[in-house]
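Topology and contacts: notes
Residue strings, one per chain:
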Amino acid sequence: MTELDPVIHAQARLRVVASLSALGDGDLIAFPRLQELLAMTAGNLSVHLRKLEDAGYVEISKTHRGRTPATLVRLSRRGRLAFEEYTEAIRTLLDPTLPKEQP
C-alpha cells in the first residue's frame with residue numbers, strides 16, 4: 001500500500017501546501033494573505049508552517065516593507081516535489097489501475 005507523507009497529510013498542512021503549490025515556482029506570499037486565504041488564526045498557521053519548515057517543505061523569509069516587518073512564505077523545491085508525490089499517492093489509492101505519471 002502507498003505510504004502518505006504524514007507531514008502533508010494533516011488537514012491544515014495539506015491546505016497550506018496545496019495553496020502554496022498554486023503559486024509559481026519561487027513565488028512568495030505574505031503571511032497575512034495566506035492566513036486570510038486559509039481562514040486560519042495566526043497561531044494555528046504559524047504552528048503548521050513551522051512543521052512544514054522543519055521538514056524543508058516551506059521557506060520563510062522575514063523582511064521589512066518600509067518600516068513594517070513582513071513575513072513571506074513560499075513552497076521549497078523539496079516541498080513541491082513532496083506535494084507532487086503526495087498527490088500521486090492519493091491518485092494511486094483512489095484508483096490503483098491508473099498508470100503512474102512520468103516526470
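Scroll up to find the structure.
Scope of this entry: the structure provided in the associated data block. (Residues numbered from 1 in each chain as written. Predicted model: local features only at pLDDT ≥ 70, side-chain atom pairs only at ≥ 80, totals over all residues. Heavy atoms only, no water.)

1. As for the side chain of R80
In this structure, R80 sits in helix α5 (residues 77-94). When near neighbours in sequence (up to four residues on either side) are disregarded, R80 contacts L20, S21, L23, G24, D25 and L75. (Helix = DSSP H or I, 4+ residues; strand = E, 2+ residues; numbered from the N terminus. Contact = heavy atoms within 4.5 Å.)

2. A word on helix α3 (residues 31-38)
Every buried residue of α3 is listed here: F31, L34 and L38. Projected down its long axis, α3 carries its buried residues within an arc of 65°, all on one side. Along α3, exposed side chains directed more than 90 degrees from the buried face belong to P32 and E36. Structurally, α3 contributes buried residues whose contacts are with α2 (11-21), β1 (29-30), α4 (42-54) and β3 (68-75). Immediately downstream of α3, the backbone of A39 shows phi near 55°, a positive value. (Buried < 20%, exposed > 50% of the residue type's maximum accessible area, 1.4 Å probe, protein only. Arc of directions from axis to C-beta.)

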